[in-house]
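Descriptive structure summary
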Amino acid sequence: MRLSKVALITILCAIPLVTNAQKPVQRLSARAALTTKNVPTDSVRSCPISAYLTVNSSALDREALSRLGVKVCLEAGNKMTVRMPVEAIAQLSEVEGVEYIETSTTVQPMMDIARRETGGADMNAGIGLQQPYTGKGVVVGIVDYGFDYTHAAFRDANGNLRIKSVWEQSQSQGQSQSQSPEPFGYGIELTTPDEILNAKADLLNNSHGTHVASAAAGSSLHADGSLRGMASDADIVLVSMTDGGSNNVNISNAIAYIFNYAERNGQPCVINLSLGSHSGPHDGTSTFDRIADELQGPGRLIVGSAGNHRADRFHIHRDFTAYDKGKPLSTFISYIKTPSVSRVGGDVDIWGTESLQTNLVLYKLSTGEEVERAAISLGSEEVQTLSLGRNVTGSFSAKAEVSPLNGKTHILLQSAVTAIRSGYAIAIEVTPQTPCTLDIWADNTSLRLTSNDMEGFAEPTADDATICEIGGTANRILTVGAYTTRAEYKIYGDPNPHQLNETDGDLCSFSSCGPTADGRTKPEVTAPGAFISAAVSQYDNSGTKILSQFFNDGGTETSYGYMQGTSMSSPIVAGIVAAWLQAYPQLTPEQLKEIIRKTSRTDSFTGQIASAGSNLWGYGKIDPVAGVKECQILTGIRDIDYGLGFGFGFDLESAAIYTPSGIRVSKENAQAKGGLYIIVTRDGKAARKVIVPPAP
């Protein structure tokens, strides 16, 4: 299939992804994702951009990609991540086999009591189990930023560094002797303890990644070990997304990088994503979600945060019946921070199952009078500019398409408005032409939605489908919400207690909820997310650290601090999953979710949870010890077969072969050495123990 025009839905400025952390909020500035309708200046023309491609693999002209300077970083099914010059976009649409192009979406970052309350301390100590489970032999991958590589939380009892590899995606080789990792070809890779420790940190004004990594896998040598993470013996691999290089395409590459490391070293792996966005269909069909699902499998798991937007008003859902046909849904755009003058930027994503007549309308609020309107053309393949007269300074850009990802009508609006006359407001008016389902998401960073208390205008509903893309909507990612374990806290050096506006044991007021747009229950589980004490960076000079403990290790600052958010609950679960992988290295995403369903705790706060789960609590609160026991059962429930002929119907080319300790081996090596192996299908739905006779 050859495209006549660039099938590109991200138009002028990418929609920001946020870390799912609250108090303090750390943010990076957005970086423009450009298209042929927004021609770059010479100063940025040579800068490579990241993109997703959907391709027909059998027809793809790979030589043409190479001639255009397109570097393929990752292939997963018919999806690719690529790096390419900006000016290659127009020509790329003409390459045989290229079916759809998406530029990237930018990202920004969104234990002591927690270990006791969840039962993680018992799991680490082996209480009620055959042995302690601390993630030994497992890789914990963290995709984030704000890492302090030198922190004591990342050393073992002998002082050895547990961080095995680091990919700083935004650093250049000119800034370091280190090289870019292959096949990705950008950033720098640090692979030795000296390289990692000499780099010290990736940022000088952030602690988010340090806190997240510590909650998952910190090995605290202080406070009698009570500050350590859930997988204190796991190996750690970090991907830093600093300096404006943070986007969904680069997250996909980061996932592949970490899984590649684990596979080379024959280790099971869990990756934590404490990141989120409201750009996308929220139904599991985004390119990011498809790639994340494809890359997971036996011993390759991803845990993500639900988001911190439960109380925010930025999403409207409506099922239009035949009776509603031709009746518009209208809602106002609310600019965050200032009511009449906005910073440039902000996006609204509209998804419908049928064609949608859509307009921007300017109203005078005091009278409800319509002043100006601008229509979006569904039949146009061009980026449209929408202006609303002399009462509005600036304009909107719009792109409409039928998305090849899910077949839905998709309209992306982006604000370039800098001022609105006082007493006026801009509304979105959507009129279905047939019965359909409609979802409208504002980005919740620059824009939200509101009725302005005007009759006939829709108001977003609280506690309804505020789940984030990236960590929250993929089918195989385990999504985590947050509950409170420390509503009262003390700051280091201050004897007076302080209070959070939360209730111990209850769901955090910010914890995002489901369902997804296609009706799946999210999150699947909850874990402690407020207030969590974990490592913070000694290089963080942002002034936002809230210290909980401080130690002086021979003149070296070692500090711990509080953060809250699903950014904190997600790595707690990721660390627990690492311990479960120690018990059963072939654990699949499907088995993981079944264990969560069977073992999660309920109490007076969760209430009784139905078999389908709850869109607030998932299946309840994580239970580390019960999960280990389920993994121990999994190690022994398979029958033993003999030989390597796999007469039980496995396609060996798509199966994975593991030693009982979880090291992946090839068929040739298994046949050469002989012994007991575990064979797992690619989808993880079947496995067998196989005794292989050694080669003669």
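The coordinates are above.
Residues numbered from 1 in each chain as written. Predicted model: local features only at pLDDT ≥ 70, side-chain atom pairs only at ≥ 80, totals over all residues. Heavy atoms only, no water.

A word on the overall build of the protein chain. Regarding its fold elements, the protein chain presents 13 helices and 36 strands. For the protein chain, the accessible area works out to roughly 25,300 Å², and carbon and sulfur atoms hold 47% of it. (Helix = DSSP H or I, 4+ residues; strand = E, 2+ residues; numbered from the N terminus. Areas by Shrake-Rupley, 256 points an atom, 1.4 Å probe, with all protein chains shown as cover.)

Further remarks concern the sheet that holds strand β30 (residues 547-553). Across the sheet, three strands lie side by side as β29-β31-β30; this open sheet has antiparallel pairing. The open sheet terminates on both sides in strands that have one partner only, identified here as β29 (532-536) and β30. If you compare each strand with its neighbour and ignore which way they point, the axes differ by 25° on average. Pairing of β30 with strand β31 (residues 556-563) involves six bridges; the strand directions are antiparallel. The partner of F551 across the bridge, within β31, is T558. Its contacts with the sheet place helix α7 (residues 208-217) against β29 and β31, and it is angled at close to 120° to β29. (Pairing = 2+ DSSP bridges. Axes fitted to C-alpha atoms, helices over the stretch in contact; angles between N-to-C directions. Contact = heavy atoms within 4.5 Å.)

A few words now on the pairing of strand β4 (residues 79-85). Judged by how many residues are buried, β4 sits mostly within the fold: six of seven residues are covered. Bridge analysis of strand β2 (residues 48-55) against β4 gives seven bridges, and the strand direction is antiparallel. Within β4, the position partnered with A51 by the bridge is V82. Pairing geometry for strand β3 (residues 71-76) and β4, over five bridges, is antiparallel. Bridging across to β4, K71 finds its partner in R83. (Buried < 20%, exposed > 50% of the residue type's maximum accessible area, 1.4 Å probe, protein only.)

Ranked by size, the top nonpolar core spans 63 residues in total, and within it V577, W580 and L587 carry the most contacts. Those residues within four positions of V577 in sequence are excluded, and the remaining contacts are V270, L301, V303, L478 and L592. (Core = buried A, V, L, I, M, F, W, Y, C linked by side-chain atoms within 4.5 Å.)

Taken in spatial order, the eight strands make up an open sheet running β8-β7-β9-β6-β10-β12-β25-β28, and their pairing is mixed. Single-partner strands in this sheet number two, and they are β8 (188-190) and β28 (525-530). This sheet shows a mean twist of 25° between the axes of neighbouring strands, independent of strand direction. Pairing between strand β6 (residues 139-144) and strand β10 (residues 269-273): five bridges, direction parallel. Within the sheet, the bridge partner assigned to V143 lies in β10 and is L273.

Our next topic: the packing of helix α11 (residues 589-599) against helix α12 (residues 624-634). When two helices pack together, their arrangement is captured by the angle between the axes and the distance separating the axes. Packing of α11 against α12 leaves a shortest axis separation of 10 Å and a crossing angle of 130°. Classified by the interaxial angle, the pair formed by α11 and α12 is oblique. As α11 runs across α12, the sense of the crossing is right-handed. Judged by residue contacts, Q591, I595, K598 and T599 of α11 engage A626, G627, E630, C631 and L634 from α12. For the contact of α11 with α12, the residue count by class is four nonpolar, three polar and two charged. (Parallel < 35°, antiparallel > 145°, perpendicular 65-115°, else oblique. Left-handed = near helix turned anticlockwise from the far one by under 90°. Nonpolar A, V, L, I, M, F, W, Y, C, P; charged D, E, K, R; others polar.)

What follows is about the side chain of E189. Among the structural elements, E189 can be located in strand β8. Despite its burial, E189 pairs with no opposite charge; the closest candidate is R264, at 4.7 Å N-O. Within the structure, the side chain of E189 is placed 2.8 Å from the side chain of Y257, a separation counted as a polar contact. Not counting residues up to four positions away in its chain, the partners in contact with E189 are S165, V166, S178, Q179, P181, E195 and Y257. (Lys, Arg positive; Asp, Glu negative; His and termini not counted. Salt bridge = Lys/Arg side-chain N within 4 Å of Asp/Glu carboxyl O. Polar contact = N/O pair within 3.5 Å; in protein donor to acceptor, adjacent residues only side chain to side chain.)

On to helix α10 (residues 566-583), then. In an α-helix, one turn spans 3.6 residues, which is why side chains three or four residues apart end up on the same side. Across its 18 residues, α10 extends 26 Å between first and last C-alpha, which sits within 8% of the 26 Å expected from 1.5 Å per residue. For α10, the tally of buried residues reaches 18 of 18 residues, placing the bulk of the element in the interior. (Expected span 1.5 Å × (residues − 1).)

So, about the pattern of salt bridges. On inspection of all chains with the given rule, the structure shows 17 salt bridges. For the salt bridge of R62 with E75, the shortest nitrogen-to-oxygen distance reads 3.0 Å. Within this pair, whereas R62 is found in helix α2 (residues 62-67), its partner E75 is found in strand β3, the two being separated by 13 residues in sequence. Judged by its relative accessible area of 41%, R62 falls in the partly exposed class. Notably, a salt bridge pairs E594 with R597, separated by 2.6 Å at the nearest N-O pair. In this pair, E594 and R597 both sit in helix α11, three residues apart, roughly one turn of the helix. The exposure class assigned to R597 is partly exposed, which follows from its relative accessible area of 39%.

Evaluated as defined, the whole model comprises 13 aromatic pairs. Centre to centre, the rings of F332 and Y363 are 5.7 Å apart; their planes meet at 75°, and the pair counts as edge-to-face. You can see F332 sitting in strand β14 (residues 329-335) and its partner Y363 sitting in strand β16 (residues 356-364), a full 31 residues away along the chain. Judged by relative accessible area, F332 falls into the buried class, the value being 0%. Grouping aromatic residues by their ring pairs yields a cluster made of W167, F184, Y186 and Y257. A cation over an aromatic ring shows up here: R83 above the ring of Y186, its NZ or CZ 4.0 Å from the ring centre. (Phe/Tyr/Trp six-rings, centres within 6.5 Å; stacked < 30°, edge-to-face > 60°. Lys NZ or Arg CZ within 6 Å of the ring centre and 35° of its normal.)

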